[in-house]
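What follows is the residue order along each chain.
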Amino acid sequence: MPLFYFDIDDGERFTRDEQGLDCPHREAARDYAIGVLPDLAREAMPDGDRHKIVVTVREESGRPVFRAVLSIDAEWLDDGRQDRRPD
Amino acid sequence: MSNPLILKLQHGADLTDEDRAMLESITARTREVGPREDLIREGDKPEHVRLVLEGFAFRYKMLPDGQRQITGYLVPGDFCDLHVWILGEMDHSIGTLTRCTIVEVPGETINELTARYPRIARALWWATLVEDAVTREALVGMGQRPADRQLAHFLCELLLRLQAVGRASETSYEFPVTQEDLGDTLGLSTVHVNRTLQKLRDDGLITLRGKALTIPDPDALKRFAGFNPNYLHLRRGEKKGDPRGNVFRSGA
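Residues numbered from 1 in each chain as written. Chains lettered and ligands numbered in written order. Predicted model: local features only at pLDDT ≥ 70, side-chain atom pairs only at ≥ 80, totals over all residues. Heavy atoms only, no water.

J.: So what exactly am I meant to see when it comes to the sheet that holds strand E5 (residues 68-74) of chain B here?
T.: Backbone-to-backbone hydrogen bonds join strands into a sheet, with any given pair of strands oriented parallel or antiparallel. All names here are of chain B. Strand order across the open sheet formed by 4 strands is E2-E6-E4-E5, with antiparallel pairing between neighbours. Looking along the sheet, the strands with just one partner apiece sit at the ends: strand E2 (38-40) and E5. Going from strand to strand, the sheet's axes swing by 35° on average, the running direction of each strand aside. In terms of strand pairing, strand E4 (residues 57-62) meets E5 through 6 bridges, oriented antiparallel. In the strand pairing of E5, Tyr60 is matched with Ile70. (Pairing = 2+ DSSP bridges. Helix = DSSP H or I, 4+ residues; strand = E, 2+ residues; numbered from the N terminus. Axes fitted to C-alpha atoms, helices over the stretch in contact; angles between N-to-C directions.)

J.: Even after reading the chapter, I still don't get the sheet that holds strand E3 (residues 48-54) of chain B, so can you show me in this structure?
T.: Residue and element names in this part refer to chain B. Within the open sheet, the 3 strands sit side by side as E1-E7-E3. Their pairing is antiparallel. Where the open sheet ends on each side, the last strands, each with one partner, are strand E1 (30-33) and E3. Shown here is a sheet whose adjacent strand axes are inclined to one another by a mean of 35°, direction ignored. For E1 and strand E7 (residues 100-106), the ladder comprises 4 bridges, and the chain directions are antiparallel. Across the sheet, the residue bridging to Val33 is Cys100, located in E7. Against the sheet, helix H4 (residues 107-116) touches E3 and E7, its axis set at about 75° to E7. (Contact = heavy atoms within 4.5 Å.)

J.: Would you take a moment to explain H4(B) for this structure?
T.: An α-helix turns once per 3.6 residues; consequently, residues spaced three or four apart project the same way. All names here are of chain B. Listing the buried residues of H4 in full gives Gly107, Thr109, Ile110 and Leu113. For H4, the buried positions fall inside an angular range of 160° around the axis, keeping them on one side. Seen from the buried face of H4, the exposed residues on the opposite side, beyond 90 degrees, are Glu108, Ala115 and Arg116. Where H4 is buried, its residues contact helix H2 (17-26), E3, helix H3 (84-87), E7 and helix H5 (118-144). (Buried < 20%, exposed > 50% of the residue type's maximum accessible area, 1.4 Å probe, protein only. Arc of directions from axis to C-beta.)

The structure is reproduced here in structure tokens:
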């Protein structure tokens, strides 16, 4: 089975995958990369209104072949001045 | 190397020399099992009660889709299936992680132990209750702790459990659990485990060289994990002349 590496960047920390994972084919690596995102999002408690988690899949040779991005965009819909949480 | 069963059960009852001699005699006949072998499978009806004397084993369940959940680890001194001869058949499987030294104690011997040795009976009961507590704590971790604290908590727990049976030093132990195993234990993807391990490393909370795990400042890791050892019900350092030596050889 071919080996794929899954590097993760959430804007705060970049983790280069040195171990890799055997996947039966590219499609499985793709599915796996996408499946990892919600798992990681559970951790990410963004302070700001924008947050992105990026998974980049590399082949065994090191060549990047796939990327999946999960983004959280948060914004107030009123002027945001009333009923603000006390700091 | 001192008998891990005795070291462990001393936390559960005030054992006498006679109790210790009895425990020594039931663990005299051992069997070696290779790594990654099933000791017993779901549905089996064991006639013996198995005990891990050396090595790591784990309890797991397989789901119909082939997914695996590891529900607990067995370290030296832990019984595999203490009460299965009451329950009838195994509702989960147990596999070895490393090469293990196993003892098989006939069910009748356990019956005799519990009938004639009240302190041993108490200690076995204690061991079962502590295992429940460990499972409960894992459930808390999976449900409520973020991955980094959940993993840190697990590493703190293993440190204390291994120290209790003289298989860890103050700051390090042999950690044969792979990232895949950890994922199946903590309910995380392997990639997430890899990232979380790296975070703990980057933050200086752990170092991992091969299978040698070092926790340079155990109190710091415990604080980070929010680890309270109460659920392990260990009575460390209360006994005089406790032969719990440092037998872990780092770099071995």
